[in-house]
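Close look at the chain arrangement
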Amino acid sequence: MLWAVFQCIGTNSECIGETWDKIFKEFLPGSDYNMLDETDFELYPENSHPDVFCEIWIPVKKSSKLLQ
């Protein structure tokens, strides 16, 4: 499976909603990928950058319009 990974930059959980907003309003419309109807998840790594609250991982696939 192919994953798109986004870092939530911030010090509290508010950055999660902001990151999802960017995913749906900026990344998906402007990319060559479609989000799959599969499980996405948040990863809270122990040794990440201090500004990274968590990561959002979403399953994606290359847009079918590009495969033609």
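See the structure shown above.
First things first, this report covers the structure right here in the doc. (Residues numbered from 1 in each chain as written. Predicted model: local features only at pLDDT ≥ 70, side-chain atom pairs only at ≥ 80, totals over all residues. Heavy atoms only, no water.)

Topic: the overall build of the chain
On a plain count of helices and strands, the chain comes out with two helices and four strands. Counted from the first residue to the last, the chain has its helices and strands arranged as β-α-β-β-β-α. When its C-alpha atoms are laid out on the principal axes, the chain stretches across 45 × 25 × 20 Å. Taken over 68 residues, the chain has a buried fraction of 26%. Taking the contacts inside the chain whose residues are at least 6 apart along the sequence as the reference set, 67% of them involve residues at least 24 apart. Carbon and sulfur atoms provide 49% of the accessible area of the chain, an area that totals close to 4900 Å². Separation of charge centres in the chain, based on 5 positive and 12 negative side chains, amounts to 13 Å. (Helix = DSSP H or I, 4+ residues; strand = E, 2+ residues; numbered from the N terminus. Buried < 20%, exposed > 50% of the residue type's maximum accessible area, 1.4 Å probe, protein only. Contact = heavy atoms within 4.5 Å. Areas by Shrake-Rupley, 256 points an atom, 1.4 Å probe, with all protein chains shown as cover. Lys, Arg positive; Asp, Glu negative; His and termini not counted. Charge placed at Lys NZ, Arg CZ, Asp CG, Glu CD.)

Side note on the environment of Phe24
Tracing the chain through its elements places Phe24 in helix H1 (residues 14–30). A sequence separation of 20 residues divides Phe24 from Ala4, and the C-alpha atoms of the two residues are 12 Å apart. Each residue touching Phe24, except ones within four places of it in the same chain, is listed here: Pro29 and Met35.

Overview of the nonpolar core
Within the largest apolar cluster, 12 residues are counted, these being Ala4, Phe6, Cys8, Cys15, Ile16, Trp20, Ile23, Leu28, Cys54, Ile56, Ile58 and Val60. Where this core is concerned, the elements lending two or more residues are strand S1 (2–9), H1 and strand S4 (52–62). Filtering out sequence-adjacent residues up to four positions away, Ile58 remains in contact with Leu2, Trp3, Ala4, Phe6, Trp20, Ile23, Met35 and Asp40. (Core = buried A, V, L, I, M, F, W, Y, C linked by side-chain atoms within 4.5 Å.)

Topic: the packing of aromatic side chains
Applying the stated criterion across every chain, the model contains six aromatic pairs. Residues Trp3 and Trp57 carry aromatic rings whose centres are separated by 6.2 Å and whose planes lie at 65° to one another, so their mutual orientation is edge-to-face. Of this pair, Trp3 sits in strand S1 while Trp57 sits in strand S4, placing them 54 residues apart in sequence. Seen in terms of ring centroids, Trp20 and Phe24 are 5.6 Å apart; in terms of plane orientation they differ by 20°. Their pairing is stacked. Placement of the pair is Trp20 and Phe24 together in helix H1, with a separation of four residues, close to one helical turn. The exposure class of Trp20 is buried, given its relative accessible area of 18%. Through pairs of rings, three or more aromatic residues link up here, namely Trp3, Phe41 and Trp57. (Phe/Tyr/Trp six-rings, centres within 6.5 Å; stacked < 30°, edge-to-face > 60°.)

Side note on H1
One turn of an α-helix holds 3.6 residues; hence residues three or four places apart share an orientation. End to end, H1 covers 24 Å across 17 residues, agreeing with the expected 24 Å (1.5 Å per residue, within 8%). Within the sequence span of H1, burial applies to Cys15, Ile16, Thr19, Trp20, Ile23 and Leu28. The inward-facing, buried residues of H1 contact S1, strand S2 (33–35), strand S3 (41–43) and S4. (Expected span 1.5 Å × (residues − 1).)

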